[in-house]
Amino acid sequence: MRPPLPLRWSGLALQLLLSVLLGVVTGALGAALPLLRDVYDMPAASGTELVVLYNVGALASIALCGPGRRQVLSRRAVTVVLAAFVSGCVGMAYAPTWPTLNVCAAVCGAGYGGLILHQNTLFGRYPGRTGIVLLNVLHASFGAGAVLGPVLVGERHQVSGLLLATAVLAAALLPWAGADGSAPGTAEALGAPETAAAPVVVVDRAPRRFLAILGLAALAYAGIESSIGALESTHLHAIGHSSADAARLSGLFWAGLVVGRLVLPFTAARLASPRMILLCLSAGAAGLVTAASGWAAGAYAVTGIALGPVFSTLLAWANATLLVPRRVSAVLLLANLCGSSLLPYLIGLVADPRRPALIPLSIVALTLLAGLAVAVAARLARTAADVRPDPVPSAPPVKAVGR
């Protein structure tokens, strides 16, 4: 695979801004459900299909755009998915009925899915430490938007203005969003991709098994993150916090994720990706056990910091190992969205608010599953490296007769 050219700082900033906008809408929809129920005269506890259809649209878009020979989506494809995101936002802002709002949410989700696939593929082309840092910064930007969206909904007590403002800003990025992000020139732009330490390549030995195992890890990790997001406030309320305080304190976990993605990849720069992921999962499990023992609010914040770099580092490791970033991003993002949709529901069936400690302890089981999958994948990668044939040495020069 030809190494990608370095990114321009301007191109990087625009992609990060777009990622923030994607996070704002994704985080705002769930937070706005109580307000939307009042606007559309919906019964209490109804309307969750809005978020479900948004995620279904994202899943369908990733499944449709994932297969392909190009490393990144074409400019035309990115233009289409960005237009879907913008039009979906505008449609939701002006939707006259609840069914119309749901259709627009699915369209917006389709745009969101295609855009995150493009961005993760684009940033995932960079192997080694560069790719890990870039992907963690990208996911931190999305996380910052996901924290900002609910805050703005709560402050403004409506979501239409936020959706329209997001649509305008996203539409302004249309001339640049379809570019592949690379800059002509040399390392002065951002820093050339690292080539000194060649990644372990398993393309010739069970790449599908390797990617499937990492997909399981991505699915389990998504369950950890989304289950904490869905059930943390329930746990905090069950152990004595008021509903309002529990909602506010649950934001510490999301803030911790952003901090972890920005800080840990730099502080643990010398660690190999599998070891870093396993250490982060272990620390996250310890944080969840601490949350079960009573120090819940602070423990969830620490858990967020620990888990922050897991998924983006998993993506970077898979990209550097298999060298097919578009396929890797599609598979792992699909697994991530499936885990986010399914596993919190299953954890909710197991966890009983009358026994609050069961909530974080049930999520610990997912950290063990994710860690086991990462350990198996690392062993498979090492085995593939061990059995690769050594390069054939060049033949020694033939000595001329008579000399």
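Please refer to the structure higher up on the page.
The model shown is predicted, which means the values in this text are computed figures rather than measured ones. (Residues numbered from 1 in each chain as written. Predicted model: local features only at pLDDT ≥ 70, side-chain atom pairs only at ≥ 80, totals over all residues. Heavy atoms only, no water.)

Draft legend 1. Summary view of helix H12 (residues 296-307). Compared with an ideal rise of 1.5 Å per residue, which puts twelve residues at 16 Å, H12 spans 16 Å between its outermost C-alpha atoms and is within 8% of the ideal. Counting buried residues along H12, nine of its twelve residues qualify, which places the element largely inside the surrounding structure. Among the residues of H12, Ala 296, Ala 297, Ala 299, Tyr 300, Ala 301, Thr 303, Gly 304, Ala 306 and Leu 307 are the ones counted as buried. (Helix = DSSP H or I, 4+ residues; strand = E, 2+ residues; numbered from the N terminus. Expected span 1.5 Å × (residues − 1). Buried < 20%, exposed > 50% of the residue type's maximum accessible area, 1.4 Å probe, protein only.)

Draft legend 2. Spotlight on unusual backbone geometry. Phi at Asp 41 is positive, roughly 55 degrees, even though this residue is not glycine. Residues other than glycine seldom take positive phi values, yet Leu 323 does so here, at roughly 60 degrees. Along the polypeptide, Leu 323 turns up in the loop between helix H13 (310-322) and helix H14 (325-350). With a relative accessible area of 29%, Leu 323 lands in the partly exposed category.

Draft legend 3. Layout of the packing of helix H6 (residues 128-156) against helix H10 (residues 243-267). Remark: H6 packs on H10, axes separated minimally by 9 Å, with the N-to-C direction vectors making an angle of 165 degrees. Classified by the angle between their axes, H6 and H10 sit roughly antiparallel to one another. The way H6 lies across H10 gives a crossing that is left-handed. Touching Arg 129, Ile 132, Val 133, Asn 136, Val 137, His 139, Ala 140, Gly 143, Ala 144 and Val 147 of H6 are Trp 254, Ala 255, Val 258, Arg 261, Leu 262, Pro 265 and Phe 266, all from H10. Each residue belonging to the contact of H6 with H10 can be placed in one class, and the counts come to twelve nonpolar, three polar and two charged. (Axes fitted to C-alpha atoms, helices over the stretch in contact; angles between N-to-C directions. Parallel < 35°, antiparallel > 145°, perpendicular 65-115°, else oblique. Left-handed = near helix turned anticlockwise from the far one by under 90°. Contact = heavy atoms within 4.5 Å. Nonpolar A, V, L, I, M, F, W, Y, C, P; charged D, E, K, R; others polar.)

Draft legend 4. Examining the packing of aromatic side chains more closely. Throughout the structure, instances matching the rule amount to five aromatic pairs. Between Tyr 54 and Tyr 112 the ring centres are 5.2 Å apart and the planes differ by 20 degrees, which places this aromatic pair in the stacked class. Taken together, the residues Tyr 54 in helix H3 (residues 49-65) and Tyr 112 in helix H5 (residues 98-124) connect sequence positions 58 residues apart. For the pair Tyr 54 and Tyr 112, a shared accessibility class is recorded, and that class is buried. With a centroid separation of 5.6 Å and 85 degrees between ring planes, the pair formed by Phe 210 and Trp 317 is classed as edge-to-face. Within this pair, whereas Phe 210 is found in helix H9 (residues 207-238), its partner Trp 317 is found in helix H13, the two being separated by 107 residues in sequence. Under the relative-accessibility criterion, Phe 210 is labelled buried at 0%. On the accessibility criterion, Trp 317 (9% relative accessible area) is buried. (Phe/Tyr/Trp six-rings, centres within 6.5 Å; stacked < 30°, edge-to-face > 60°.)

Draft legend 5. Inspection of the pattern of salt bridges at higher detail. Inspection of the entire model under this criterion finds one salt bridge. For Glu 225, the salt bridge identified is with Arg 261, shortest N-O distance 3.3 Å. Of this pair, Glu 225 sits in helix H9 while Arg 261 sits in helix H10; the two residues are 36 residues apart in sequence, bridging distant segments of the chain. Glu 225 sits in the buried class, given a relative accessible area of 18%. Take Arg 261: its relative accessible area is 7%, and that puts it in the buried class. (Salt bridge = Lys/Arg side-chain N within 4 Å of Asp/Glu carboxyl O.)

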